[in-house]
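# Architecture and fold: a report
Each chain, letter by letter, is given below.
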Amino acid sequence: MKIIMPKPKAGGLLVSYSCNAKCKHCYLNCGGKKSGKMDIADAKRHLQSFKEEGIPKEEVHITGGEPFIDLDYLVSILDVAQEAGYSGFGFVETNAFWATNQEKCKRILETIKKRGVEKLCISSDIFHQEFIPLSNVKRLVENCYEVIGPNSIMLRWQGGLDLKKHIGEMTETEIKEYILNPNREFRTRIVGRGTKTLADFLPRQKAENFKDSPCFEKMVGSGHYHFDLHNDLIPGIGCIILGNASNRTLRELLNNVSEENNPMFEMLSKEGPAGRFLAQANTKGYRELEKGYCDKCHLCFDIKKHIVSLGNSTKEIGPKEAYV
Ligand code: SF4
Ligand code: SF4
């Protein structure tokens, strides 16, 4: 049976899993030796797909990994936006590693402004600042206002500018308090690298506590779709792959989502990971963690990792870079 997917409102190109950092919470496990970039012709096709869906320029963005690792490549991606019918990109995400001095900031910002970039989305929190000096973030913010304009910054997160310590300088108690603080600007889901680096700081629960917790809204409710360098369609917060766009458009892929074609998506979207998804994994040798799980995403990721480890991984689990 067909599954009706939300109309696309935002589109991102996940151009690479390479990163200069190895943030402890990185849900895609970016950095280290990961390499590979989206093909420029594929980028153009995906942008055309976004255009056909009526996604406005301000919601079209480039993410990674760290898109500024290879500036010439980034410029090539920015240039194909015009050919796809956009006057540029709404925003590009970055961790500000390259903002080491004012002259360099201005030069790079002028380069991307000329190609129609309206904003930078700059990461700043206890995780990123373990790898990037906070002074880079502040320098980039100031220069971006000057070169691109007064509304040219999205900070993730505002509180990052007031950081006193990054995670590498915090005690176990401080890390626990930070992550569990209900008033924090964002929630940290324990997936990707966080399952190895953060899970032991946090309280755990049994898998059964996450029963009947549908994920449809979290997975696709925002209408936010990414294509990655393998041409996989990864919606929203990166839970699953909906299809591959090597020979298809976004519309064709969305029209093709069904219970038959996307069995994991069907289970997770209706029940979350502790229903049929867990039961089926148990029949394939999955053993629940004795310590339990920090959150339902931790359970979900652990099951997917088990399925990947069996070697007959399904096309719905990915990107593969997140599971190594
Ligand atoms: S969270 Fe961002 S900056 Fe950190 S390792 Fe992942 S991609 Fe790189
Ligand atoms: S439990 Fe799984 S499907 Fe649900 S939001 Fe978390 S990662 Fe996504």
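Below or above, wherever it landed, is the structure these notes cover. Numbering of residues starts from 1 in each chain and follows the order in which that chain's sequence is written. By the order in which they are written, chains take letters starting at A while ligands take numbers starting at 1. Residues qualify for local features only when their pLDDT is at least 70, as the model is predicted, and side-chain atom pairs are given and counted only at 80 or more; totals for whole chains, interfaces and linings, by contrast, use all residues.

## Focus: the site of ligand 2
In the vicinity of ligand 2, the contacting residues are V191, C215, K218, M219, C239, L268, G272, P273, K296, C297 and C300. Secondary structure elements follow DSSP: runs of H or I no shorter than four residues count as helices, runs of E no shorter than two count as strands, and numbering proceeds from the N terminus. Residue assignment for the shell around ligand 2 shows that the elements contributing at least two residues are α7 (216–220) and α11 (296–309). In terms of residue count, the dominant contributor to the shell around ligand 2 is α11 (3 residues). When the residues that make up the shell around ligand 2 are grouped by side-chain class, the tally is 8 nonpolar, 1 polar and 2 charged. By definition, a residue lies near a molecule or strand when the C-beta atom built from its backbone is within 6 Å of it. Under the scheme applied, nonpolar residues are Ala, Val, Leu, Ile, Met, Phe, Trp, Tyr, Cys and Pro; charged residues are Asp, Glu, Lys and Arg; polar residues are all the others, including Gly.

## What to know about the packing of helix α3 (residues 102–114) against helix α4 (residues 134–147)
Pairs of packed helices are described in terms of their axes, by the angle between the two and the distance that separates them. Contact geometry for α3 and α4: axes closest at 10 Å, N-to-C directions at 45°. When the axis of α3 is compared with that of α4, the two are oblique. Crossing of α3 against α4: the hand is right-handed. Taken together, the residues of α4 that come into contact with α3 (itself represented by Q102, C105, K106, L109, E110 and K113) are R139, L140, N143, C144 and V147. Residues belonging to the contact of α3 with α4 are distributed by class as follows: 5 nonpolar, 2 polar and 4 charged. For helices, the axis comes from a line fit to the C-alpha atoms of the stretch in contact; other axes are also lines fit to C-alpha atoms, and the angle between any two N-to-C directions lies between 0 and 180 degrees. Every angle not falling under 35 degrees, over 145, or within 65 to 115 is termed oblique; those three ranges are roughly parallel, roughly antiparallel and roughly perpendicular. Crossing handedness is read from the near helix: turned anticlockwise from the far helix by less than a right angle, it gives a left-handed crossing, and turned clockwise, a right-handed one. Any two residues are considered in contact once their C-beta atoms, placed from the backbone, lie within 7 Å.

## As for helix α2 (residues 71–83)
Three classes are used. A residue is buried when 20 or more other C-beta atoms lie within 10 Å of its own, exposed when 12 or fewer do, and partly exposed in between, with C-beta atoms placed from the backbone. Of the residues making up α2, those classed as buried are L74, I77, L78 and A81. Projection of α2 onto a plane perpendicular to its axis shows the buried side chains occupying an angular sector of 100°, all on one side. In α2, the exposed residues that point more than 90 degrees away from the buried face are D72 and E83. Residues of α2 that are buried make contact with β1 (10–14), α1 (40–52), β2 (60–63) and α3. Directly beyond the C-terminal end of α2, a positive phi value near 100° is found at G85. Taken from the helix axis, the directions to the C-beta atoms give the arc we talk about.

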